[in-house]
Amino acid sequence: MNRLKIISGHLSPAGSTDHERDLWGSTCGSGPAGSSGPEDVVVVHGLRTATGRAKRGSFKNTTPDELLSAVMTAVLKDIGLSPNQLGDVCVGNVLQPGAGALMARVSQFLSGFPETVPVYTVNRQCSSGLQALFNIAGAIRSGSIDLGLACGVESMSLRAMGNPGDLSSRLVDIDKARDCIIPMGITSENVAERFGVSREKQDAFALGSHQKAARAQSAGRFREEIVPVTVTMVDDRGEDRAVTVEEDEGVRPGTTLEGLAKLRPVFKPDGSTTAGNSSQVSDGAAALLIGRRAAVKALGLPVLGVLRASAVVGVPPDVMGIGPAVAIPAALEQAGLSVADVDVFEINEAFSSQAVYCVEKLGIPPEKVNPNGGAIALGHPLGCTGARQVVTLLHELRRRGRRAYGVVSMCIGTGMGAAAVFEHPGP
Amino acid sequence: MKVFRSPARHGYAVEASPFVPSRSACAASQFYGLTGCGSLLVLDQTETDVCLVTSWEWSDGLFDVAWSETNEHVLVAGGGDGSLQLWDTANHSAPLRVAKEHTQEVYSVDWSQTRGENLIVSGSWDQTVKVWDPALSRSLATLRGHEGVIYSTIWSPHIPGCFASASGDGTLRVWDLKAAACRLAIPAHSAEILSCDWCKYDQFSPFSRSVLASCSYDFTVSSLHRLVGRRFSRASD
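Residues numbered from 1 in each chain as written. Chains lettered and ligands numbered in written order. Predicted model: local features only at pLDDT ≥ 70, side-chain atom pairs only at ≥ 80, totals over all residues. Heavy atoms only, no water.

- Going by an unreviewed UniProt entry, chain B carries the name Peroxin-7 and comes from Scophthalmus maximus.
- The UniProt entry for chain B carries the following comment under Sequence similarities (unreviewed entry): "Belongs to the WD repeat peroxin-7 family." (UniProt positions renumbered as here; feature names shortened; annotations may be inferred.)

- For chain A, an unreviewed UniProt entry supplies the name Putative 3-ketoacyl-CoA thiolase peroxisomal and the organism Scophthalmus maximus.
- Within the UniProt record for chain A, the comment given under Pathway (unreviewed entry) is "Lipid metabolism; peroxisomal fatty acid beta-oxidation."
- The annotation that UniProt attaches to chain A under Sequence similarities (unreviewed entry) is "Belongs to the thiolase-like superfamily. Thiolase family."

Laid out in structure tokens, this is it:
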């Protein structure tokens, strides 16, 4: 930071002896954004699998522990770190029994991690992958660990949002409780109606997602963040076939507005939410290595991103899609930043209705939103998404080659929103 | 008070247009100029407020701007990437010309004020001053001598081919373009000198034309007489 050095030099002038040194430099007390300290929580590296189309795609017969194991191994191998150094591993997952706690432990052994490394899972619905990062950051901040893996994985081919568990019959008597079991698609219709997001706007947004993802794919922009995984698929003839998956399967470069307009609403007869303007059901995993800056530096590891703020908020369950519109301002305030200071926003495209609403409500310039496409084109493997967005965001900021801020945010089923602010330090 | 706010951009320099009384240009940078991008803004003052006429983005911070003295549409700006760019308010999209010769930040640009001359001077953190033709085709001279970053380069309003520079090496220097040499090097301050300017009024005394002022991080402002090279007044607070 040569410029900073030159200007800081003003405060300690060489050879100035004839007057009081009543100017001195001190660490700016304004906190997170811009400051750089040994206690910062930093992201060292992150990778993801390609997202497969659930039930029909290449991961349809792959158990989630295999996907998770692939990314965990790859992240550590890329930077040459032994898993012995990990203080903890947290994995976001939604659909597996017990949020995949057993699956995660099996996965670490598939990766050859020693038993001395602990692991657990977290489920905050669609934000689980990001929540895993928050959890590891929290453990670092409280001093209990120095380094950890934050991951997310979901196989929506093998599990569905079926069994809601054991719920009290009283839930029907309390509006908000009952709203929690509204299908997600209906919450999308609620947002579209209540906030006036037209079918045309939703389709246009969906088209944009596919176009941006297609451009990113053909330009090879995802190559450095995707770990190729070789898995077994049962093909149409019922035979096992080995296949190596390295490209996101959901992207449809040939998408047109006319094609999207022809699709019928899925959740309500006179509604606006269709299969084309909703996120896809997918399989995938992602992993990020997180550490305390001092420990990361001591190991000679690079800093890809710095966590500057984390916020989770609650919103009405029946319009859960507005989550980012509340979570993003909360996170920006924590970081002391405004929308104008942020270069890239990764806002999960659960549905076009809610994504469009949030972008417009916050006045975010559209070119800053999901520049490489979002869940409509890339898919939304529930527990994986939050971690996947961080991987894509930080790789994009690194490609741009200068210091910049980025935001990751998503809405959360049952009525919440989460957002995080990251800083990429630049070359 | 009329205010213009530029979101996420911090202003570094303002200059009034020599042709359009209500117009000024502002060089601004992201993140206080420490990193990120920059913007060049052209603003007009009305009865009630300040509005944006046009603006351009640059991939590095912009630290100074100067209007052309011969063409009301043209401006030159100096950037953190060592480049000077020539901009035209009548041609909106891209700069007319970009000249990248300085190897570090260009902190000062000035357009010559004397008749018969049409030149640009730039001062850079690479410790050199460059003089350019008004089309920025290439530098006409590169002047070395300063031992620290240069913060300010200003043409004399009276003496052709003469300009002053202020530097982090604590000296104020006066240069003669024809001789391509430094005529005077005054250790005017004990700390970095951030800014200097010429007295453009020649009515007070025979000496006013050659008076320079400078201000520095040592909390003082100096007025110097060029010919004598000696400080004749020093104000501090």
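1. A closer look at the overall build of chain A
And step 1. Scanning chain A from terminus to terminus reveals 13 helices and 12 strands.
And step 2. Burial statistics for chain A: of 427 residues in total, 58% are counted as buried.
And step 3. Accessible area for chain A stands at about 17,700 Å²; split by element, carbon and sulfur atoms hold 53% of it. (Helix = DSSP H or I, 4+ residues; strand = E, 2+ residues; numbered from the N terminus. Buried < 20%, exposed > 50% of the residue type's maximum accessible area, 1.4 Å probe, protein only. Areas by Shrake-Rupley, 256 points an atom, 1.4 Å probe, with all protein chains shown as cover.)

2. Focus: the overall build of chain B
And step 1. On a plain count of helices and strands, chain B comes out with 0 helices and 20 strands.
And step 2. Counting across all 237 residues of chain B, residues that qualify as buried make up 54%.
And step 3. A sequence separation of at least 24 residues applies to 41% of the contacts in chain B between residues at least 6 apart.
And step 4. Accessible surface, chain B: about 10,500 Å² in total, of which carbon and sulfur atoms supply 51%. (Contact = heavy atoms within 4.5 Å.)

3. As for the pairing of strand β14 (residues 162-167) of chain B
Every regular strand shows the same layout, with side chains that alternate between the two sheet faces.
Residue and element names in this part refer to chain B.
And step 1. Where burial is concerned, most of β14 is hidden: 6 out of the 6 residues are buried.
And step 2. By the alternation rule, side chains of β14 split into C162, A164 and A166 and F163, S165 and S167, which are all buried.
And step 3. The sheet contact formed by strand β13 (residues 150-155) and β14 spans 5 bridges and is antiparallel. From the neighbouring strand, I150 faces β14, where its bridge partner is S167.
And step 4. In this structure, the hairpin formed by β13 and β14 is closed by a connection of 6 residues, where G161 is found at a positive phi of approximately 70 degrees.
And step 5. Between the antiparallel neighbours β14 and strand β15 (residues 172-176) lie 4 residues, among them G170 with a positive phi of about 85 degrees. (Pairing = 2+ DSSP bridges.)

4. Describing the environment of A:F113
And step 1. Among the secondary structure elements, A:F113 is positioned in the loop between α3 (101-110) and β4 (119-122).
And step 2. Sequence separation between A:F113 and A:P83 is 30 residues; the distance between their C-alpha atoms is 5.8 Å.

5. As for the UniProt feature "repeat: WD" (unreviewed entry) in chain B
And step 1. What UniProt calls "repeat: WD" (unreviewed entry) maps, in this numbering, to residues 65-97, 99-142 and 143-185 of chain B.
And step 2. Annotated as 0% helix and 48% strand, the span residues 65-97 of chain B places its first and last C-alpha atoms 15 Å apart.

6. Digging into the side chain of A:H210
And step 1. Position of A:H210 relative to the elements: it lies in helix α7 (residues 199-218).
And step 2. Residues within four places of A:H210 in sequence aside, it is in contact with A:G250, A:V251, A:R252, A:T255, A:Q280, A:I376 and A:A377.

7. So, the side chain of A:S352
Residues and elements named next belong to chain A.
And step 1. Take S352: it is sitting in helix α11 (residues 352-362).
And step 2. From its side chain, S352 meets the backbone oxygen of Q202 in a polar contact 3.0 Å long.
And step 3. The residues contacting S352, other than those within four sequence positions of it, are Q202, F205, A206, N277 and I376. (Polar contact = N/O pair within 3.5 Å; in protein donor to acceptor, adjacent residues only side chain to side chain.)

8. Focus: the nonpolar core
Residue and element names in this part refer to chain A.
And step 1. Judged by nonpolar contacts, the single largest core of 47 residues is most densely connected at L68, V89, L149 and L289.
And step 2. Residue contributions to this core peak at 9 residues, all from helix α2 (residues 64-79).
And step 3. If near-sequence neighbours (up to four positions away) are discounted, L289 is found in contact with V42, V43, V44, H45, V75, L76, I79, L81, L86, G148, L149 and L301. (Core = buried A, V, L, I, M, F, W, Y, C linked by side-chain atoms within 4.5 Å.)

9. Here we look at the sheet that holds β15(B)
Residues and elements named next belong to chain B.
And step 1. In spatial order, the strands read β13-β14-β15-β16; together these 4 strands make up an open sheet with antiparallel pairing. With partners counted over all chains shown, the strands left at the sheet margins are β13 and β16 (181-186), one partner each. The sheet shows a mean angle of 20 degrees between the axes of neighbouring strands, direction not considered.
And step 2. Alignment of β14 against β15, held across 5 bridges, turns out to be antiparallel. (Axes fitted to C-alpha atoms, helices over the stretch in contact; angles between N-to-C directions.)

10. Some words on the sheet that holds strand β6 (residues 74-79) of chain B
Residues and elements named next belong to chain B.
And step 1. Pairing is antiparallel across the open sheet formed by 4 strands, whose spatial order is β5-β6-β7-β8. Every other strand in the sheet has two partners, leaving β5 (62-67) and β8 (97-100) as the edge strands with one partner each. Going from strand to strand, the sheet's axes swing by 20 degrees on average, the running direction of each strand aside.
And step 2. With 5 bridges joining them, β6 and strand β7 (residues 83-88) adopt antiparallel strand pairing. Residue pairing for β7: A77 is matched across the bridge by Q85.

11. Overview of the confidence of the model for chain A
And step 1. Confidence in the prediction for chain A averages 93 pLDDT; 94% of positions are at 70 or higher.
And step 2. Under a pLDDT of 50 for its full length, residues 15-32 of chain A has, in the predicted model, 16 contacts with residues more than four places off or in other chains. (pLDDT = per-residue confidence, 0-100.)

12. A look at the pattern of salt bridges
And step 1. Taken as a whole, this structure holds 25 salt bridges over all chains when the rule is applied.
And step 2. For B:E105, the salt bridge is made with A:R3, and the minimal N-O distance between the two is 2.7 Å. A residue pair is termed interchain when its members come from two chains, as with B:E105 in the loop between β8 and β9 (106-111) and A:R3 in helix α1 (residues 2-8). By the burial criterion, B:E105 is buried, and A:R3 matches it.
And step 3. The residue A:E360 makes a salt bridge to A:K201 at a minimum N-O spacing of 2.9 Å. In this pair, A:E360 is assigned in helix α11 and A:K201 in helix α7, connecting sequence segments 159 residues apart.
And step 4. Taking the relative accessible area as the measure of exposure, A:K201 reaches 38% and is therefore partly exposed. (Salt bridge = Lys/Arg side-chain N within 4 Å of Asp/Glu carboxyl O.)

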